[in-house]
Amino acid sequence: MRNNFIAGAWTRGAGARPDINPSDTTDVIDEYAQADAEQTRQAIAAARAAFPAWRRGGIQARAEALDFIGLELAARKEELGRLLSREEGKTLPEGIAEVNRAAQIFRFFAGEVLRPGGETLPSVRPGMDVHITREPVGVVGIITPWNFPIAIPAWKIAPALAYGNCVVFKPADLVPGSAWALAEIISRSGLPEGVFNLTMGRGSVVGQTLLESPDVNAITFTGSGTTGARVMATAGARFAKLQLEMGGKNPLVVLDDADLDRAVEVAVQGAYFSTGQRCTASSRFIVEKGIHDRFVEGVKQRLAGLTVDHALGEGTDIGPVVDQSQLDQDLGYVDIGREEGARLVCGGERLQRGSDGFYMAPALFADTDPTMRIAREEIFGPVACVLAADDYEHALALANDTEFGLSAGICTTSLKHASHFRHHAEAGMVMVNTPTAGVDYHVPFGGRKGSSYGSREQGRYAAEFFTTVKTAYVAP
């Protein structure tokens, strides 16, 4: 049994939940504690009690704690990457790379601790100075999804601690193993008790308690738009500071002048790797008519050469879908696409492998209309559709015709069109000749429209959410 971490102690839960390997459902990774509302309130109280001393503590000790976490993650990336892939289903190389990214994030913010910044300006009133500083917001509730079970917690927990906040961390139910492993490292980093707390459990219990508590000053959430709306309705009603990342329906525009082989690789990498379970995944290929048929055939051939199998298997390109519910949703959208009249070029069926897992053949639809559900709704699986465009202007209009606005990409050899797309794509992130999925840890991450609410994540822009600005006027 792996317990919760509350007020500096490992604490048994009100229940337990098994962690199942989606590559092999007979493989139970471990049992993980489930916190109830009362234990969640205890964690919030511990964070609230720890905050006054932590916010005023020495920045050197804070930097060293974060550096310790980053160094251990890096040293154990193969071990922890294997755990991550075993419980989430992404391939072993992807799992190892994710742990390494988490290590880089913690070490980046260890440096940011020592660079708090601030401004001193002369007042418009003679003889007075103005000091502008940033202060921590207080207790931060962190709610993370299952698709990046160590990187997304890292890019929320690291800046929260770096800027002097205290944390109550609620990971997704499906991936407690990675969260617990990260928490175990954090528990040995030298943080005072109560500064960091892990409360595993149901969103309807643990998450709801965090949203409702007046002692939680800020909520940072990554998940579905439906849940994000509930987060906003509940925590926003009490004026908590909110940061919401809620997915996308990301377009990849392919123009006639694109390098076809490169465009195919960009499309396949962006749409299907990590089993398509990325909020930045390309799910709409918007292709100019002159290259359309060759592009569709190229993607079909590339998908035929991919190996879908056990996440830990050597040579596996795509692992399983995360669980039965997600698999049912993905297969359901394949049926919807057919019913709507789109042409299923390849894939879309459940696969049987050597172990009992949630395997699915990557699906590609063509002859898709922009009004179809498969072209408008986030599927969050290995399913993509092709929309034909008359020209660049039509392609741009189709790309922007969505309620989401997280990531958008274009494949072209035209500097003119690349530059225009970069300025006019209605997305928080724009990719030119590179997959829509795949971002750096030291620059801002986030979108617009229905994809994001609040300030950006990652890099120095993280300070916008995890701190509040104070302006002080000083007269001699």
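Here, every reference points to the structure presented above.
Parameters at a glance
Residues numbered from 1 in each chain as written. Predicted model: local features only at pLDDT ≥ 70, side-chain atom pairs only at ≥ 80, totals over all residues. Heavy atoms only, no water. Helix = DSSP H or I, 4+ residues; strand = E, 2+ residues; numbered from the N terminus. Rg over C-alpha atoms; globule rule 2.2 N^0.38 Å. Buried < 20%, exposed > 50% of the residue type's maximum accessible area, 1.4 Å probe, protein only. Contact = heavy atoms within 4.5 Å. Lys, Arg positive; Asp, Glu negative; His and termini not counted. Charge placed at Lys NZ, Arg CZ, Asp CG, Glu CD. Pairing = 2+ DSSP bridges. Axes fitted to C-alpha atoms, helices over the stretch in contact; angles between N-to-C directions. Parallel < 35°, antiparallel > 145°, perpendicular 65-115°, else oblique. Nonpolar A, V, L, I, M, F, W, Y, C, P; charged D, E, K, R; others polar. Expected span 1.5 Å × (residues − 1). Right-handed = clockwise from strand over helix to strand, strands pointing away. Phe/Tyr/Trp six-rings, centres within 6.5 Å; stacked < 30°, edge-to-face > 60°.

## Observations concerning the overall build of the chain
For step 1, the next point in the chain: Within the chain, the regular secondary structure consists of 14 helices and 22 strands.
For step 2, the next point in the chain: By the compact-globule yardstick of 23 Å for 476 residues, the chain fits well, its C-alpha radius of gyration being 23 Å.
For step 3, the next point in the chain: With the principal axes as the frame, the chain shows a C-alpha extent of 70 × 65 × 40 Å.
For step 4, the next point in the chain: In the chain, which comprises 476 residues, the proportion classed as buried is 57%.
For step 5, the next point in the chain: Relative to all contacts within the chain whose residues are 6 or more apart in sequence, the contacts with residues 24 or more apart total 72%.
For step 6, the next point in the chain: Of the charged side chains in the chain, 46 are positive and 58 negative; the average position of the first set lies 6 Å away from that of the second.

## A short note on unusual backbone geometry
For step 1, the next point in the chain: The phi dihedral of phenylalanine 380 falls on the positive side, at around 65°, and the residue is not glycine.
For step 2, the next point in the chain: Mapped onto the secondary structure, phenylalanine 380 falls in the loop between β17 (363-366) and β18 (383-389).
For step 3, the next point in the chain: For phenylalanine 380, a relative accessible area of 18% puts it in the buried group.
For step 4, the next point in the chain: Positive phi values are uncommon outside glycine, yet asparagine 433 reaches one of about 60°.
For step 5, the next point in the chain: Turning to its location among the elements, asparagine 433 is positioned in the loop between β20 (429-432) and β21 (452-453).

## Describing the sheet that holds strand β5 (residues 119-122)
For step 1, the next point in the chain: Within the open sheet, the 3 strands sit side by side as β5-β6-β22. Their pairing is antiparallel. Since the sheet does not close on itself, it has two edges, and those belong to β5 and β22 (467-474), each with one partner. Between one strand axis and the next, the sheet turns through 25° on average, direction left out of account.
For step 2, the next point in the chain: Pairing of strand β6 (residues 129-136) with β22 involves 8 bridges; the strand directions are antiparallel. From the neighbouring strand, histidine 131 faces β22, where its bridge partner is alanine 472.

## Overview of the packing of helix α4 (residues 92-113) against helix α5 (residues 151-162)
For step 1, the next point in the chain: Viewed as axis vectors pointing N to C, α4 and α5 meet at an angle of 10°, and their least axial separation amounts to 9 Å. Here α4 lies roughly parallel to α5, going by the angle between them. Each of Glu98, Arg101, Ala102, Ile105, Phe106, Phe109 and Val113 in α4 lies in contact with α5, whose residues at this interface are Ala151, Ala154, Trp155, Ile157, Ala158, Pro159 and Ala162.
For step 2, the next point in the chain: Of the residues belonging to the contact of α4 with α5, the class tally is 12 nonpolar, no polar and 2 charged.

## Some points on helix α9 (residues 260-272)
One turn of an α-helix holds 3.6 residues; hence residues three or four places apart share an orientation.
For step 1, the next point in the chain: Between the first and last C-alpha of α9 there are 18 Å, a value that for 13 residues agrees with the 18 Å anticipated at 1.5 Å per step.
For step 2, the next point in the chain: Of the residues making up α9, those classed as buried are Ala263, Val264, Val266, Ala267, Val268, Gly270, Ala271 and Tyr272.
For step 3, the next point in the chain: Along its buried surface, α9 packs onto β12 (250-254), β13 (282-288), α10 (289-304), β17, β18 and β19 (407-411).
For step 4, the next point in the chain: Positive backbone phi, at 55°, marks serine 274, one or two positions downstream of α9.

## Side note on the side chain of serine 189
For step 1, the next point in the chain: Tracing the chain through its elements places serine 189 in the loop between α6 (176-187) and β9 (196-198).
For step 2, the next point in the chain: On the basis of relative accessibility, which here comes to 11%, the residue serine 189 falls in the buried class.
For step 3, the next point in the chain: Apart from the residues within four sequence positions on either side, serine 189 is in contact with Ala65, Phe68 and Ile69.

## Some thoughts on the pairing of strand β7 (residues 139-143)
For step 1, the next point in the chain: With 5 of 5 residues buried, β7 is to be regarded as a mostly interior element.
For step 2, the next point in the chain: A two-sided burial pattern is seen for β7, the buried positions comprising Val139, Gly141 and Ile143 on one face and Val140 and Ile142 on the other.
For step 3, the next point in the chain: The pairing of β7 with strand β8 (residues 166-170) spans 5 bridges and is parallel. Of the residues in β8, the one forming a bridge with glycine 141 is valine 168.
For step 4, the next point in the chain: On the question of chirality, the crossover connecting β7 to the parallel β8 by way of α5 is right-handed.

## Some details on helix α7 (residues 203-212)
For step 1, the next point in the chain: For α7, the full list of buried residues reads Val206, Gly207, Thr209, Leu210 and Leu211.
For step 2, the next point in the chain: Of the surrounding elements, those touching the buried residues of α7 are α1 (37-56), β7, β8, β10 (218-222) and α8 (225-235).

## Re the sheet that holds β13
For step 1, the next point in the chain: Taking strand neighbours across the sheet as the criterion, the 7 strands line up as β14-β17-β18-β13-β12-β19-β20 in an open arrangement whose pairing is mixed. Each end of this open sheet is capped by a strand with a single partner; those strands are β14 (343-346) and β20. Taking each pair of neighbouring strands and ignoring which way they run, the sheet shows an average axis angle of 25°.
For step 2, the next point in the chain: Examined bridge by bridge, β12 and β19 share 3 bridges and lie parallel to one another. Among the inter-strand pairings, valine 253 is bridged to a residue of β19, identified as isoleucine 410.

## Some remarks on the packing of aromatic side chains
For step 1, the next point in the chain: Counting across every chain of the model gives 10 aromatic pairs.
For step 2, the next point in the chain: Here tryptophan 10 and tryptophan 180 contribute two aromatic rings whose centre-to-centre distance is 5.2 Å and whose plane-to-plane angle is 35°, an arrangement assigned as tilted. Of this pair, tryptophan 10 sits in strand β2 (residues 9-11) while tryptophan 180 sits in helix α6, placing them 170 residues apart in sequence.
For step 3, the next point in the chain: Its relative accessible area of 34% is what places tryptophan 10 among the partly exposed residues.
For step 4, the next point in the chain: Residue classification places tryptophan 180 among the buried positions, given a relative accessible area of 15%.
For step 5, the next point in the chain: Feature note: the residues Phe108, Phe109, Tyr163 and Tyr441 constitute an aromatic cluster, connected by ring pairs.

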